[in-house]
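A structural walkthrough
The lines below spell out each chain.
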Amino acid sequence: MISINKPTKIPNILKTKGKDETNNLCLKFEEGETKFDFDSSIYGHKEVKEKLKRAQNHKCFLCESRISHISYGDVEHFRPKAGVCQTAVEKMPETGYFWLAYDWSNLFLACQICNQRFKRNLFPIQNPESRVKSHTDDLSQEIPLFINPVIENPEDFISFRGVIPFAIGGNRKGEITIEHAGLRRDELKENRRELYEKMKSLYQIAHEHPDFPPEIKQRAMNELSKQLVVCQSPKHQYSSMFRAAVRDNFKF
């Protein structure tokens, strides 16, 4: 998970149809409705997806897997629109953050596994009693326990030991984000490991094996330096893992 610089220019579909639908939802709520239909052709519009893809370097905002190679991706609502749960075992209530269904700041692109198997309708906050109930409430009274990569740097909360993410200092926000986004799932660890081991092998040849001839060590060092520039780039899959590896000199 890395920081995301989301464009300030809102997609036109959200400023037009999205705004109209939001006003309709708020009016229905004020008239007593608590269950709503949402138009995925608006928040999931091609214009919205393309802007999110570019902002996120074509990666899932949670696991950093490259989406475009394997799927179209899901437009994920950071604060769930239809119903929201504090824990994974909690029964979903009738209403969520319905007024944010078409809100640009609330939208990210996620892979289907992160979105549908793990995060789903979860949005834990520090004090569940302070959860806002409608568009007239003040969102700032909530303290979310999910990392928002637009306003927070995930690397302040999450680092890696090898291919395994951990919450720095055991911080609660890092732990909850790792758990509820499934960032320790086996498939992810294997994908990370394949790339990580290549870099670690080069590092070991260049720095840890005295028996290799100097020219071999130098070639390995040159290749390692070149590859690490690429792997630490925000465009690369699992770049946060590689930055952590560099900080720790590839030590578990």
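Residues numbered from 1 in each chain as written. Predicted model: local features only at pLDDT ≥ 70, side-chain atom pairs only at ≥ 80, totals over all residues. Heavy atoms only, no water.

**Topic: the packing of helix α6 (residues 186–207) against helix α8 (residues 239–247)**
The geometry of a pair of packed helices is captured by two quantities: the angle between their axes and the separation between those axes. Relative to each other, α6 and α8 sit at 35°, their axes nearing to 11 Å. You can see that α6 and α8 cross each other, and the crossing is right-handed. Of the residues in α8, those touching α6 at Arg 192, Leu 195, Tyr 196 and Met 199 are Met 241, Phe 242 and Ala 245. Looking at the contact of α6 with α8, its residues break down into 6 nonpolar, no polar and 1 charged. (Axes fitted to C-alpha atoms, helices over the stretch in contact; angles between N-to-C directions. Helix = DSSP H or I, 4+ residues; strand = E, 2+ residues; numbered from the N terminus. Left-handed = near helix turned anticlockwise from the far one by under 90°. Contact = heavy atoms within 4.5 Å. Nonpolar A, V, L, I, M, F, W, Y, C, P; charged D, E, K, R; others polar.)

**Here we look at the packing of aromatic side chains**
In total, this model carries 11 aromatic pairs according to the counting rule given. Seen in terms of ring centroids, Phe 123 and Phe 146 are 6.5 Å apart; in terms of plane orientation they differ by 25°. Their pairing is stacked. With Phe 123 in the loop between α4 (112–119) and β3 (158–161) and Phe 146 in the loop between α4 and β3, the pair connects residues that are 23 residues apart, well separated along the chain. Comparing Phe 123 with Phe 146, the two get one shared label, buried. Clustering of aromatic rings is evident, with ring pairs tying together Phe 29, Phe 36, Phe 38, Phe 61, Phe 78, Tyr 97, Phe 98, Trp 99, Phe 108, Phe 123 and Phe 146. Here the basic side chain of Lys 6 rests over the ring of Phe 108, its NZ or CZ set 4.2 Å away from the ring centre. For the cation-ring pair, Arg 79 lies above Tyr 97, with the distance from its terminal atom to the ring centre recorded as 5.6 Å. (Phe/Tyr/Trp six-rings, centres within 6.5 Å; stacked < 30°, edge-to-face > 60°. Buried < 20%, exposed > 50% of the residue type's maximum accessible area, 1.4 Å probe, protein only. Lys NZ or Arg CZ within 6 Å of the ring centre and 35° of its normal.)

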